[in-house]
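Observations on the three-dimensional arrangement
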Amino acid sequence: MNPNPVTEQPLPQAPHHEGPEGTGHQGQQGQGEQQEPRPRPADAAKSPRAVWAACVVRGALAAGLGLGTFAVLAMVLWISSPYPDAGAGAALRVAAGLWLLAHGADLVRHDTFDAVAAPVGLTPLLCSVLPLWLAHRTARDACEEDGEDGATRSAASRWQAFGGVTLGYLLVGGLAAAHAAGGPLPATAGSTALHLPLVVGAATAAGVWRAYGRPRGPLPHWVPGGVRRALTRPRLTVAAHAAGAGVAVLVGGGALLVGISLGWHAGLAQETFVRLAGEWSGRVGVLLLALALVPNAAVWGACYGLGAGFEAGAGATVAPLAAAGTGAVPPFPLLAALPGEGRGTALNWAAAGVPLAAAVVVAWMVVRVAAPVCAVREEAWGRRRTAGAVALAGGACGALTAVLAAASGGPLGVGRLAEFGPVGWAAGLAAAGWVVLVGVPAALGMRAWRLRERAGWRRPPAVLPAADAAPTPAVVPAVVPAPAVVPAPAAGPIPAVVPTPATRHPGVSAQAASLHAPSGPQAPWPPAPEHAPPVRAVPSSAPPARAAYASEPPGTAVRSSPEHGSRHDSGARDVRWAALREGSGGIAAEVRDEGEEPPPAPGG
């Protein structure tokens, strides 16, 4: 420390601060100097344990969001109910049971009239959309984490995201199953242990696959080589897309059939809806249940159009050919759309248009890749390859239809309510049969139509002359040289010659030429030469542009000079026409304007 020169006391020092790296510094070290920021823990690389923990927490949050949504709906209905049978705890247990039912688990209803436990296994497909979407989205987001600078960096590997999210989701699912066990709708342990991991695993796997850009390979080494080669062919991708389009058409057509039938039986549906609940809270519950079962009804309508039909209770079968036992179905608004008992009519048979349209769409999806619009026959797929792609699409379409049919049905009780919905394997076989039997001929027909030879579609090839063929001589008339210009008399200068339509076009009559003749005095005709040079042929070996100037040496550029005049000048054309008329012996008539005097003779 430096002492004060007056008091000889040490001067006060600036307070000491610790820098970000633990080094001391005195105040500011400079106005332009800035300290480097200390790296934050978030920027450092995460350890595998931290990544696993984050993925587990993400899966638990996804399951909690879905379970909380069901709990909110159950509490709203319980609060609005004028005569609740139990308290809020029972409502929350019912919400947990319904959440498990959305994942495919079977429930058991103990509060029945005959005190016999009744299974409830018909899953409303609309209720499954939210849980599956949450699991899918969480697994996808676990593989992609957005930084503060907007860049996307990988936060978890595919196995970490898949295993962590699935594990966290299943932990919450186990707690929900334990909580629902003491309620009025508990889930069976075996069904929960089978369906919950399967459904959640499929949703998270799809999310990870989408996060990595939907890769199609390479497959694991334990997969046989023939299977790996078959799955990497483009025909499989085309067949998968076509199968998806076919299933979408089938389900959409089934929804259309259900809507038409509900409109046809609108009175019965309204009467059933009013009879089920008298209070508005009960009617809201019935309406929500009906909306949740709309996708199930669409799948049932698709199976009805395929011809496989479905069951509306034990002993009640509904198909286009006939319907039996539909009079004893329980009252519900959607079941009012069932056709009456008896043999089918033409209106029922018209439902076959749904699988027919699906087969045509599958064929079109394959042909649009196999034979594009402007493709030639050499570039298009062969008949066997096209038919094979449609057959693969038919098999995939049948498999997807079977899965949807099996998921849309299930028991609602015992006795007559033990069987509801279509039979999965029967619906799958029907869908595959429709696509193969109708789609293969349709695809081959579309392929032949696109590869047909169109009249005038391709130009005929140009015929080129042989290289050693001798050139054909062409006769080109030589240009008549302009005669010498006779000097004008000393009396005065000769005015410039003005071209007229008669001089420009020799075939124009005098009367027509007089309409375009300029007014005023005209210049006299120049004298014609006594002898016109004969027309001679020029061989075609000389270029056409220089054939008229055969007298010029080869390689000389032809240009118009002021002393010779231009061969395209108006006066030069008049002189050449006069020479041609003189050499014809009077055959070419002379055309003059009205009142024009004949030109003077050369000797006069």
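All figures in this text were calculated on a predicted structure; none of them were measured in a lab.

Conventions used here
Residues numbered from 1 in each chain as written. Predicted model: local features only at pLDDT ≥ 70, side-chain atom pairs only at ≥ 80, totals over all residues. Heavy atoms only, no water. Helix = DSSP H or I, 4+ residues; strand = E, 2+ residues; numbered from the N terminus. Buried < 20%, exposed > 50% of the residue type's maximum accessible area, 1.4 Å probe, protein only. Contact = heavy atoms within 4.5 Å. Areas by Shrake-Rupley, 256 points an atom, 1.4 Å probe, with all protein chains shown as cover. Patch = residues over 30% accessible without salt bridge, like charges linked within 9 Å, V, L, I, M, F, W, Y side chains within 5 Å. Salt bridge = Lys/Arg side-chain N within 4 Å of Asp/Glu carboxyl O. Pairing = 2+ DSSP bridges. Axes fitted to C-alpha atoms, helices over the stretch in contact; angles between N-to-C directions. Parallel < 35°, antiparallel > 145°, perpendicular 65-115°, else oblique. Left-handed = near helix turned anticlockwise from the far one by under 90°. Nonpolar A, V, L, I, M, F, W, Y, C, P; charged D, E, K, R; others polar. Core = buried A, V, L, I, M, F, W, Y, C linked by side-chain atoms within 4.5 Å. Expected span 1.5 Å × (residues − 1). Phe/Tyr/Trp six-rings, centres within 6.5 Å; stacked < 30°, edge-to-face > 60°. Lys NZ or Arg CZ within 6 Å of the ring centre and 35° of its normal.

1. Some details on the overall build of the chain
When you go through the chain residue by residue, the secondary structure sums to 18 helices and 11 strands. Split into buried and exposed, the 604 residues of the chain put 31% on the buried side. Taking as baseline every contact in the chain between residues at least 6 positions apart, the subset at least 24 positions apart corresponds to 71%. Carbon and sulfur atoms make up 64% of the accessible area of the chain, which amounts to about 36900 Å² in all.

2. Looking at a nonpolar patch on the surface
A cluster of nonpolar side chains, namely L77, L126, V129, W280, V284, L287, L288, L291 and V294, defines an oily patch on the protein surface of about 790 Å² accessible area. Those elements that provide at least two residues to the nonpolar patch are α3 (125-143) and α9 (280-292). At 5 residues, α9 tops the list of elements feeding residues into the nonpolar patch. Along the chain, L291 turns up in helix α9.

3. Describing the pattern of salt bridges
Inspection of every chain in the model, using the stated rule, returns 3 salt bridges. For R137, the salt bridge identified is with D141, shortest N-O distance 3.3 Å. Note that R137 and D141 are positioned in helix α3 at a spacing of 4 residues, about one turn of the helix. For R137, a relative accessible area of 34% corresponds to the partly exposed category. Residue D141 is classed as partly exposed on the basis of its relative accessible area of 25%.

4. A look at the sheet that holds strand β7 (residues 310-312)
Strand order in the open sheet formed by 5 strands is β10-β9-β8-β7-β11, with antiparallel pairing between adjacent strands. Two strands in the sheet have a free side with no partner beyond their single neighbour: β10 (342-343) and β11 (420-421). As judged from the 2 bridges shared by β7 and strand β8 (residues 317-318), these two strands associate in the antiparallel manner. Its bridge partner being in β8, E311 is matched across the sheet by T317.

5. Side note on the packing of helix α12 (residues 353-370) against helix α13 (residues 383-408)
Each pair of packed helices can be summarised by the angle the axes make with each other and by the distance between the axes. Axis separation between α12 and α13 bottoms out at 10 Å; the angle between their running directions is 140°. Between α12 and α13, the crossing angle belongs to the class labelled oblique. Note on packing geometry: the crossing formed by α12 with α13 is right-handed. Taking contact as the criterion, the partners of V362, V366 and A370 in α12 are, on α13, T386, A389, V390 and A393. Of the residues assigned to the contact of α12 with α13, the class counts are 6 nonpolar, 1 polar and no charged.

6. Focus: the packing of helix α8 (residues 266-276) against α9
Axis separation between α8 and α9 bottoms out at 9 Å; the angle between their running directions is 130°. The pairing of α8 with α9 is recorded here as oblique in orientation. Contacts from F273, V274 and L276 in α8 reach R283, V286 and L287 in α9. Looking at side-chain class alone, the contact of α8 with α9 contains 5 nonpolar, no polar and 1 charged residues.

7. Regarding the nonpolar core
Core analysis: the largest hydrophobic core is formed by 30 residues, its most contacted members being A242, L250, V366 and C397. Put simply, the parts of the chain that give this core at least two residues each are α7 (234-264), α10 (294-306), α12, α13 and α14 (424-450). Per-element tally for this core: the top contributor is α12, with 8 residues. In this structure, A74, W99, L134 and A180 belong to the second largest nonpolar core, which totals 26 residues.

8. Points about the environment of E419
With respect to the helices and strands, the residue E419 is situated in the loop between α13 and β11. For the pair E419 and A316, spaced 103 residues apart in sequence, the C-alpha to C-alpha distance is 9.1 Å. In this structure, E419 is in contact with E311, A312, G313, A314 and G410, ignoring residues within four places of it in sequence.

9. Some thoughts on helix α2 (residues 88-101)
For α2, which comprises 14 residues, the first-to-last C-alpha distance of 20 Å matches the rise-based estimate of 20 Å (1.5 Å per residue) to within 8%. Within α2, burial applies to A91, A95, A96, G97, W99, L100 and L101.

10. As for the packing of aromatic side chains
Enumeration according to the criterion identifies 3 aromatic pairs in this entry. Summarising the aromatic geometry, the rings of W99 and Y169 are spaced 5.8 Å apart at their centres and angled 25° between planes, so their arrangement reads as stacked. Taken together, the residues W99 in helix α2 and Y169 in helix α4 (residues 158-180) connect sequence positions 70 residues apart. For Y169, a relative accessible area of 1% gives the class buried. Measuring from ring centre to ring centre gives 6.4 Å for W159 and F162, while their planes differ by 80°; the resulting arrangement is edge-to-face. One end of the pair, W159, and the other, F162, are both in helix α4, 3 residues apart, so they sit about a helical turn from each other. Among the residues examined, W159 registers a relative accessible area of 65% and is labelled exposed. Sitting over the face of the ring of W381, R385 holds its NZ or CZ atom 4.2 Å from the ring centroid.

11. Observations concerning the environment of G382
On the secondary structure map, G382 appears in the loop between α12 and α13. Taking relative accessible area as the criterion, G382 reaches 33% and is therefore assigned partly exposed. For the pair G382 and A371, spaced 11 residues apart in the sequence, the C-alpha separation amounts to 9.1 Å.

12. Some details on helix α1 (residues 48-80)
Taking 1.5 Å as the rise per residue, α1 with 33 residues should run 48 Å; its terminal C-alpha atoms sit 48 Å apart, in good agreement. For α1, the set of buried residues is V51, C55, G59, A62, A63, G66, F70, A71 and A74.

13. Quick word on the environment of A91
Structurally, the position occupied by A91 is in helix α2. Assessed through its relative accessible area of 10%, A91 is described here as buried. Separated by 13 residues in the primary sequence, A91 and W78 place their C-alpha atoms 6.7 Å from one another.

14. As for the side chain of H136
Position of H136 relative to the elements: it lies in helix α3. Since its relative accessible area comes to 17%, H136 is described here as buried.

15. Points about the side chain of S128
For S128, the position within the fold is in helix α3. Filtering out sequence-adjacent residues up to four positions away, S128 remains in contact with A102 and T123.

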